[in-house]
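# Examining the three-dimensional arrangement
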Amino acid sequence: PLVARLGAPSERRAMSSSETPELILHRWPGRWNLPSLSPECIAVETYLRLAGLRFAAEDCRTHYASPSGALPALDQNLDVVGGAVPGDTNRDPTGALARHRIVEHLRRKVCDVDAHLGPDDRAQLAAYVSLVEHKLATATAWYQWIDKDRFAKHTRPAYGAAFPAPLSHVLPWMWRRTQLAGAASLDDDRVRDGLSVAYASLASKLASTGGPYLLGAKPTSVDALLFAHLAYHARAPCMDAARGIMRAFPALVEYVEHLERTTFPSTSDEEGRPGRGGSAPGALDSSSWREPPSANARGRRNWWGRRESGFGGDGEEKPLSAKERRFRRRSRWSVLVAIGAVATYLFAGDVMTIAMEGIEQGDEPSTNGDDDDDDDDGVEPNHDEDDDEGSEEVLEE
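This text gives an overview of the structure that appears in the document. The structure presented is a predicted model; accordingly, all values stated were derived computationally and were not measured.

Enumeration according to the criterion identifies twelve salt bridges in this entry. Here Glu104 and Arg107 are joined by a salt bridge, their closest N and O atoms 3.2 Å apart. Here the residue Glu104 and the residue Arg107 both occupy positions in helix 2 (residues 96-109), the gap between them amounting to three residues, near one helical turn. Glu104 gets classed as partly exposed once you look at its relative accessible area, which sits at 25%. Look at Arg107 and you get buried, because its relative accessible area is 18%. Close ionic contact of Arg107 with Asp114 constitutes a salt bridge, the shortest N to O distance being 3.5 Å. When sorted by exposure, Arg107 lands in the same class as Asp114, which is buried. Sharing partners across several salt bridges, the network here consists of Arg27, Glu45, Arg49 and Asp59.

Right, let's get into the sheet that holds strand 1 (residues 23-27). The strand order across the open sheet built from four strands is 2-1-3-4, with neighbouring strands paired in mixed fashion. The open sheet has two free edges, formed respectively by strand 2 (56-59) and strand 4 (79-81), since each of these has just one partner strand. Direction aside, the axes of adjacent strands within the sheet are offset by 20° on average. Pairing of strand 1 with strand 3 (residues 73-76), which is carried by four bridges, proceeds in the antiparallel orientation.

Here we take up the packing of helix 6 (residues 188-209) against helix 9 (residues 250-263). Where helix 6 contacts helix 9, the two axes come as close as 8 Å, and the packing angle between them is 70°. On the basis of their axis angle, the class for helix 6 and helix 9 is roughly perpendicular. Handedness of the crossing formed by helix 6 with helix 9: left-handed. Of the residues in helix 9, those touching helix 6 at Tyr199, Leu202, Ala203 and Leu206 are Ala251, Leu252 and Tyr255. Each residue belonging to the contact of helix 6 with helix 9 can be placed in one class, and the counts come to seven nonpolar, no polar and no charged.

So, about the packing of aromatic side chains. Tallying each qualifying case throughout the model produces ten aromatic pairs. Each ring, one from Trp28 and one from Tyr159, has its centre 4.9 Å from the other, and the planes form 70°; the classification is edge-to-face. Of this pair, Trp28 sits in the loop between strand 1 and helix 1 (39-50) while Tyr159 sits in helix 4 (residues 148-160), and the two are 131 residues apart along the sequence. When its relative accessible area of 9% is taken as the criterion, Trp28 is described as buried. Taking the centre distance of 4.8 Å and the plane angle of 50° together, the rings of Trp145 and Tyr159 count as tilted. Of the two residues, Trp145 is situated in helix 3 (residues 119-146) and Tyr159 in helix 4; the sequence distance between them amounts to 14 residues. Relative accessible area serves as the criterion here: at 5%, Trp145 is assigned to the buried category. Put simply, the rings of Trp28, Trp145, Phe151, Tyr159, Phe163, Trp173 and Trp175 touch in pairs and so form one group of aromatic residues. The residue whose ring lies beneath Arg176 is Phe151, and the NZ or CZ to ring-centre distance is 5.5 Å.

Rules used in this analysis
- Residues numbered from 1 in each chain as written.
- Predicted model: local features only at pLDDT ≥ 70, side-chain atom pairs only at ≥ 80, totals over all residues.
- Heavy atoms only, no water.
- Salt bridge = Lys/Arg side-chain N within 4 Å of Asp/Glu carboxyl O.
- Helix = DSSP H or I, 4+ residues; strand = E, 2+ residues; numbered from the N terminus.
- Buried < 20%, exposed > 50% of the residue type's maximum accessible area, 1.4 Å probe, protein only.
- Pairing = 2+ DSSP bridges.
- Axes fitted to C-alpha atoms, helices over the stretch in contact; angles between N-to-C directions.
- Parallel < 35°, antiparallel > 145°, perpendicular 65-115°, else oblique.
- Left-handed = near helix turned anticlockwise from the far one by under 90°.
- Contact = heavy atoms within 4.5 Å.
- Nonpolar A, V, L, I, M, F, W, Y, C, P; charged D, E, K, R; others polar.
- Phe/Tyr/Trp six-rings, centres within 6.5 Å; stacked < 30°, edge-to-face > 60°.
- Lys NZ or Arg CZ within 6 Å of the ring centre and 35° of its normal.

By themselves, these figures tell us nothing about what the structure is for.
Structure, rendered in structure tokens:
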């Protein structure tokens, strides 16, 4: 059933050097019996499993913990894919751009699950990818982030569970603000109408091809994206409105259950299911890749931009890219500014302390203080009283 466990967070276990996967998927943690809180992370993991690739999953509490600064992210032998590229100014609040970059990287350099498609099928593939991205993904973002009541009840607690108060409230609301910019022209009725049209089109396609996948007997990249959003609609509590519409299309429910049974591992059954890819038997390792990692891939650089040894790096020093030089320069400036701010605070604090002590000492009374003040001012103490007595005598006369 749809409430069955889809995938648990990755379990840590000791691996030999031959077993260590060279693909590491960085994703949002799992929730609601889903592998991840993010449909885009689920889509990348589904692609890896459909391709039968061996990988490890690393849960990140926030996208700042990702090596690319975005989620999802894929680390292939220290070649990190998924983050913004130099000169790219597009915002990626949902992770859709990161997912697209990762899938394209996998198709070019690792395994292309669309390699068997002809020109006509590729045209259909592009059309259905566009349908999922503009209808299903829009509905997912609407009910997950934009709808205020559902966000406060489900999304905020899920994303904030890993943080103490008040960060558990502040951070999800900050992330929600990044989603609001693209939802100005949407409303609940338009989202529901778009879902109904998309569900009907997808169910009709499944009926015409006979399944079990959208374009026929073999999986394609659109199945990874479609399954991610349909599974999210079926299980996430914030997607209750989408579930109400989805029940009218049993073919979609069967589609989600089939991919779950054949692709994702499960320990809930008596026998257990190894699934595909990951640690399942027959998963492909790096020797089966169509193309090795990027030729210009460098080892990880530490915080100062210098190469770190290990991870099989060759240790050869190579010039920094423009982006790395900019990051290195800004990092050093940030340290200098922080040190200057701390020094200024300490110096200003000492100066204020000395000044306050001087003021307090100046207020203390002294034996000759009053006489000195009177002498300095040149004013006699009883001068005003004498003037008043003289004025009264003149009035009496």
